[in-house]
Amino acid sequence: MAKLYFHYSTMNAGKSTLLLQASYNYRERGMGTLLLTAALDRRAGQGRIASRIGIGEDALTFDEATDMFALIQDRAADCACVFVDEAQFLSSAQVWQLARVADDLRIPVMCYGLRVDFRGELFPGSAALLALADDLREVRTICHCGKKATMVIRRDEQGRAITQGAQVQVGGNETYVSLCRRHWREATGN
Ligand SMILES: [Zn+2]
């Protein structure tokens, strides 16, 4: 049975690296993969999944209007596995479309994304994936104290923690730091 997977973590845990490695493992065996990532400020169409350690692959992009099932069905002939990066930006409806890809097209779908935003709240795509995925896998990274990091803060240019604002900030100068819950509470005053 093909499954819907959700690999979740906080920022900078290496999700894209894992995605690219897993896709490579399929291709090395002569099996085709389909790579998808969120369009964000770019126009839907061609995009790229890039890893901090310097590897990258071209990918198709999705935005809120994309029918994920239709997009994948059109390319199903040579597709052994679908990989979705930035899966936190999927809508609930799009996660259901990916569930249909696994169930009806019998193609496994591997989603990679952030669990919570910098306010400590679930992203819509992550909430739907946590509810619907067959298989949940945590990608671990650590706080500066050595404990598992589950939270993220957004910092402004002066290094101050930002606790308000849009869930998605594109093209700003903010940086993100992954922290354990205790140090997240300390940084945000919660
Ligand atoms: Zn900590």
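Definitions and cut-offs
Residues numbered from 1 in each chain as written. Predicted model: local features only at pLDDT ≥ 70, side-chain atom pairs only at ≥ 80, totals over all residues. Heavy atoms only, no water. UniProt positions renumbered as here; feature names shortened; annotations may be inferred. Axes fitted to C-alpha atoms, helices over the stretch in contact; angles between N-to-C directions. Helix = DSSP H or I, 4+ residues; strand = E, 2+ residues; numbered from the N terminus. Left-handed = near helix turned anticlockwise from the far one by under 90°. Contact = heavy atoms within 4.5 Å. Nonpolar A, V, L, I, M, F, W, Y, C, P; charged D, E, K, R; others polar. Buried < 20%, exposed > 50% of the residue type's maximum accessible area, 1.4 Å probe, protein only. Polar contact = N/O pair within 3.5 Å; in protein donor to acceptor, adjacent residues only side chain to side chain. Donors = N, O, S within 2.8 Å, 3.2 Å for Na, K, Ca; no water. Tetrahedral: all angles 85-135°; square planar, octahedral: opposite > 155°, others 65-115°. Pairing = 2+ DSSP bridges.

- Per an unreviewed UniProt entry, the protein chain is named Thymidine kinase, and its organism is Paracoccus aerius.
- As stated in UniProt under Catalytic activity (unreviewed entry), the record for the protein chain gives "thymidine + ATP = dTMP + ADP + H(+)".
- Taken verbatim from the UniProt record of the protein chain, the Subcellular location (unreviewed entry) comment is "Cytoplasm".

**Points about the packing of helix H3 (residues 92-105) against helix H4 (residues 124-132)**
Next, step 1: Where H3 meets H4, the axes come as close as 8 Å, and the angle between the chain directions of the two elements is 35 degrees. For H3 against H4, the interelement crossing comes out right-handed. Taken together, the residues of H4 that come into contact with H3 (itself represented by Ser92, Val95 and Trp96) are Gly125, Ala128, Leu129 and Leu132.
Next, step 2: In terms of residue class, the contact of H3 with H4 is made up of five nonpolar, two polar and no charged.

**So, the UniProt feature "binding site: ATP" (unreviewed entry) in the protein chain**
Next, step 1: What UniProt calls "binding site: ATP" (unreviewed entry) maps, in this numbering, to Ser9, Thr10, Met11, Asn12, Ala13, Gly14, Lys15, Ser16, Asp85, Glu86, Ala87 and Gln88.
Next, step 2: Considering the arrangement of structural elements, one finds Asn12 in the loop between strand S1 (4-9) and helix H1 (15-28).
Next, step 3: Setting aside chain neighbours within four positions, we find Asn12 in contact with Arg52, Thr141 and Tyr176.
Next, step 4: Checked against the element boundaries, Gln88 lands in the loop between strand S5 (81-84) and H3.
Next, step 5: Given the relative accessible area of 2%, Gln88 is considered buried.
Next, step 6: Once residues lying within four places of it in the same chain are set aside, the contact partners of Gln88 are Tyr112, Gly113, Leu114, Phe123, Pro124, Gly125 and Ser126.
Next, step 7: In this structure the side chain of Gln88 is engaged in a polar contact, spanning 3.1 Å, whose partner is the backbone nitrogen of Leu114.

**Things to note about the coordination of the zinc ion**
Next, step 1: Within the protein, the atoms that donate to the zinc ion are Cys143 (SG), Cys145 (SG), Cys180 (SG) and His183 (ND1), at distances of 2.0 to 2.4 Å.
Next, step 2: If you look at the zinc ion, its four donor atoms make angles of 99 to 114 degrees with each other, and the shape they trace is tetrahedral.
Next, step 3: Counting gaps between the donor residues of the zinc ion yields the pattern C-x1-C-x34-C-x2-H. Of this pair, Cys143 sits in the loop between strand S7 (135-138) and strand S8 (151-155) while His183 sits in helix H5 (residues 181-188); the two residues are 40 residues apart in sequence, bridging distant segments of the chain.

**Points about the environment of Asp156**
Next, step 1: Position of Asp156 relative to the elements: it lies in the loop between S8 and strand S9 (161-162).
Next, step 2: Considering only alpha carbons, one finds Asp156 and Phe83, 73 residues apart in sequence, at a separation of 32 Å.
Next, step 3: At 2.9 Å, the side chain of Asp156 and the backbone nitrogen of Gln158 are in polar contact.

**Considering the sheet that holds S9**
Next, step 1: Taken together, the three strands give an open sheet; going across it, the order is S9-S8-S10, and neighbouring strands pair in antiparallel fashion. Since the sheet does not close on itself, it has two edges, and those belong to S9 and strand S10 (175-179), each with one partner.
Next, step 2: By the bridge criterion, two bridges tie S8 to S9 in an arrangement that is antiparallel. Pairing of Arg155 across the sheet is with Ala161, part of S9.
Next, step 3: Against the sheet, H5 makes contact with S8, S9 and S10, and its axis sits at roughly 30 degrees relative to S8, the strand it touches most.

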